[in-house]
Amino acid sequence: MSRLPQTVRNSFIRLEGLLYQFFNFFKTIFGWLNQLFGFFAKLLGFTNSQYWLEEEGQSSKSMKVEPDTPAKAPQESPPAPASSATRRRPDSKKMEEFLKMAQQAKTSR
């Protein structure tokens, strides 16, 4: 093997080892910080979830809501027009028809 390829390979191997040591150092530092924050979280009671929650019996009584009316079947919407060319602008005659229909619907209730 000639010297140049061997030198390049050895350089990459050494660079890989250096990066492994470098990132392993950061992994160790973040591991220590994680342990430190975990200790303070336990000390302050943040890991105990029951500390912040109400009792289950009280919250379940207040959360229950009984429906007074039966559920209605969903109404089907009218089909959409096939293309935008079939749409027309509403004119005053059609608006009067809609207003009459709305008044009839109000009085029928």
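Residues numbered from 1 in each chain as written. Predicted model: local features only at pLDDT ≥ 70, side-chain atom pairs only at ≥ 80, totals over all residues. Heavy atoms only, no water.

1. Quick notes on the overall build of the chain
Helix and strand counts for the chain stand at 3 helices and 0 strands. Beginning at the N terminus, the succession of helices and strands in the chain can be written as α-α-α. Burial status across the chain gives 1% buried among its 109 residues. When the accessible surface of the chain is totalled, it reaches about 12,000 Å², and 60% of it is carbon and sulfur. (Helix = DSSP H or I, 4+ residues; strand = E, 2+ residues; numbered from the N terminus. Buried < 20%, exposed > 50% of the residue type's maximum accessible area, 1.4 Å probe, protein only. Areas by Shrake-Rupley, 256 points an atom, 1.4 Å probe, with all protein chains shown as cover.)

2. Digging into helix H1 (residues 3-44)
An ideal rise of 1.5 Å per residue puts 62 Å on 42 residues; H1 measures up with 61 Å between its terminal C-alpha atoms. Among the residues trailing H1, Gly45 stands out with phi positive, at a value near 85 degrees. (Expected span 1.5 Å × (residues − 1).)

3. Some details on the packing of aromatic side chains
The relative placement of two aromatic rings is captured by the distance of their centres and the angle of their planes. What the rule picks out here adds up to 4 aromatic pairs. For the pair Phe22 and Phe23, a centre-to-centre distance of 5.5 Å together with 70 degrees between the ring planes defines the contact as edge-to-face. Its relative accessible area of 44% is what places Phe22 among the partly exposed residues. Its relative accessible area of 53% is what places Phe23 among the exposed residues. (Phe/Tyr/Trp six-rings, centres within 6.5 Å; stacked < 30°, edge-to-face > 60°.)

4. Some points on the confidence of the model for the chain
On average, residues of the chain score 76 in pLDDT, and 59% of them reach the 70 mark or higher. The lowest-confidence element of the chain is helix H2 (residues 56-63), averaging 54 in pLDDT; the highest-confidence one is H1, averaging 92. (pLDDT = per-residue confidence, 0-100.)

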